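# Structural overview for review
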Amino acid sequence: MNSDTCILVVTSSKAPEKYIERVLNFSRSFSSSVHIVYEKKIEEYLERADISSCRDSVVILIDFVQDKTINYLKKLESVTAIVGHGRYNSLPAAINLRRAVKNSRIALFYFEELDKSSIEKVIKFVEMVQKLREYRLGVIGNHSDIPPWKRIDASRINKIFGIELYEIPLEELIEEFESADISPKTLESFLGRATKINVESKDIVQALKLYNALKTIAYRYELQGMLLSCRSIFNKLGTTPCVAASLLSDEGVDVECNMDMPSAISAAVLRSVSGRPSFIGYTSHIKDNRILLARCTAPLSIGSSYDVKPTFEYGKGCAISLEFVPGRIVTLLHIDNLVEKAVIARGRILLGRPGLPSLCRTQVVVELRRGIDVYHMIEDIGINSFAMSI
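Residues numbered from 1 in each chain as written. Predicted model: local features only at pLDDT ≥ 70, side-chain atom pairs only at ≥ 80, totals over all residues. Heavy atoms only, no water.

## What about the state of the cysteines?
Among covalent bonds in proteins, the disulfide is the one between the sulfur atoms of two cysteines. Under the counting rule described, the total for this entry stands at one disulfide. Sulfur-sulfur distance for the disulfide between C6 and C54 comes to 1.7 Å. Judged by the sign of its S-S torsion, about -85°, the cystine formed by C6 and C54 is left-handed. On the criterion of sequence distance, the pair formed by C6 in strand 1 (residues 2-11) and C54 in the loop between helix 3 (49-52) and strand 3 (56-61) is long-range, its members being 48 residues apart. An identical accessibility class is assigned to C6 and C54; each is buried. In this structure C230 is not part of a disulfide, and its nearest cysteine sulfur, from C242, lies 5.5 Å away. Here C296 is not cross-linked by a disulfide; its sulfur's nearest cysteine counterpart is in C360, at 4.0 Å. (Disulfide = S-S within 2.5 Å. Helix = DSSP H or I, 4+ residues; strand = E, 2+ residues; numbered from the N terminus. Buried < 20%, exposed > 50% of the residue type's maximum accessible area, 1.4 Å probe, protein only.)

## Regarding the sheet that holds strand 18 (residues 385-389)
The sheet built from six strands closes into a barrel, its strands ordered 11-12-17-16-15-18 with antiparallel pairing. Across this sheet, the average inter-strand angle for adjacent strands is 45°, counted without regard to direction. Pairing analysis gives five bridges linking strand 11 (residues 279-287) to strand 12 (residues 290-295), with the strands arranged antiparallel. Across the sheet, the residue bridging to H285 is L292, located in strand 12. (Pairing = 2+ DSSP bridges. Axes fitted to C-alpha atoms, helices over the stretch in contact; angles between N-to-C directions.)

## Considering the packing of aromatic side chains
One pass over the full model with this rule turns up six aromatic pairs. Through pairs of rings, three or more aromatic residues link up here, namely F109, F111 and F125. (Phe/Tyr/Trp six-rings, centres within 6.5 Å; stacked < 30°, edge-to-face > 60°.)

## Some words on the packing of helix 9 (residues 184-193) against helix 10 (residues 201-220)
It is at 11 Å that the axes of helix 9 and helix 10 come closest, and there the two elements cross at 115°. Helix 10 is crossed by helix 9, and the crossing has right-handed handedness. Across the interface between the two elements, T186, L187, F190 and L191 from helix 9 touch I204, L208 and Y211 from helix 10. When grouped by side-chain class, the residues that make up the contact of helix 9 with helix 10 number six nonpolar, one polar and no charged. (Left-handed = near helix turned anticlockwise from the far one by under 90°. Contact = heavy atoms within 4.5 Å. Nonpolar A, V, L, I, M, F, W, Y, C, P; charged D, E, K, R; others polar.)

## Overview of the sheet that holds strand 9 (residues 225-227)
In spatial order, the strands read 7-6-9-10; together these four strands make up an open sheet with parallel pairing. Both edges of this open sheet fall to strand 7 (164-168) and strand 10 (254-256), since each of them pairs with a single strand only. Between one strand and the next, the sheet's axes are offset by a mean angle of 20°, whatever the strand orientation. Here strand 9 pairs with strand 10 via three bridges, running parallel. Along strand 10, the bridge assignment pairs G225 with D254. Together, strand 6 (136-140), strand 7, strand 9 and strand 10 form the strand contacts of helix 13 (residues 261-274), whose direction differs from that of strand 10 by roughly 165°.

## A short note on the pattern of salt bridges
Summed over the entire model, instances satisfying the criterion amount to 17 salt bridges. Of the charged contacts in the structure, one is a salt bridge between R87 and E113, with a shortest N-O distance of 2.9 Å. Of the two residues, R87 is situated in the loop between strand 4 (79-85) and helix 5 (90-100) and E113 in the loop between strand 5 (107-111) and helix 6 (116-133); the sequence distance between them amounts to 26 residues. With a relative accessible area of 30%, E113 lands in the partly exposed category. For R353, the salt bridge identified is with E323, shortest N-O distance 3.8 Å. Of this pair, R353 sits in the loop between strand 16 (342-351) and strand 17 (362-368) while E323 is found in strand 14 (residues 319-323), placing the two residues 30 residues apart along the sequence. Given a relative accessible area of 30%, E323 falls into the partly exposed group. What you see here is one network of salt bridges that share partners, running through R22, R87 and E113. (Salt bridge = Lys/Arg side-chain N within 4 Å of Asp/Glu carboxyl O.)

In structure tokens:
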């Protein structure tokens, strides 16, 4: 039960009392703060402390309400979702309220019939919004250094998703790396789970030192996500963040190591929905409704086994070659850098480790549902990568 969310069931009394009571009972399954708000007493209700102090509010419009009521409801800063349904002219009222409220983070839901499952979907959306609002994304380096086609305006990220952006000097990471140490337990755990290791032990030590340095920074700034420049780190430290990104993603800190903000935001959204880390893969090959994604890092928890190899980009450092389980259902997401378009697609893993030597070390072939034109979908937004959740 979500104690942070209020559910306001608004009615002009045109709907039968039995119907209203049924919706109230559904709602009480998901929130300890459910209120019936009658239109004729709207001003009195919204001034009550238990309503005005709500952190997030779901407004369910049972039936049609007047513009005066809409005007009162739009003043509620806590409104996160508006719900309409197929009876009693509820939908027109819900659309009117959505038009009146200018906050871009508010979602409008429509259900042909209100039942317990429909209320549950709305509550899950609210919980996603709450998680994103607490998401802190650290940029190692300067936000202005990110290429324009990979950059999203920080204020726009905050306005739409509620995500806070923090700039952290690269020098701070270098300082942490130079003083970092790794415990025998960390080294033993990482090596013990690997199927094959095709790099020198000194490279693994350097990769794990970088993991400890990034972990220290993530905890210091209470980050849920990080944006890194692999090239800058390699040039300064002689190692790559592939291993660090894999381990940190499994520990609750999403890491995008090519300064690609759309990918980082896509991974943040997927985690807020599923609670799990994402594999961020480059769009490396497409054919019909199949797509091959590749990257030199992946959360270890979403695969069955992994090898450690030199990176594709440099031929040095430590890359993760993860094996995925064929047949598993996945969700792909890409949000464009203007935050105006998004592509979301469901599919299944066709090949869990293609093993092509000319691509990044972790590779997966995903077969999307038939009828999806992958090429035109990618061309429309210019997608060079997807965040993939299992």
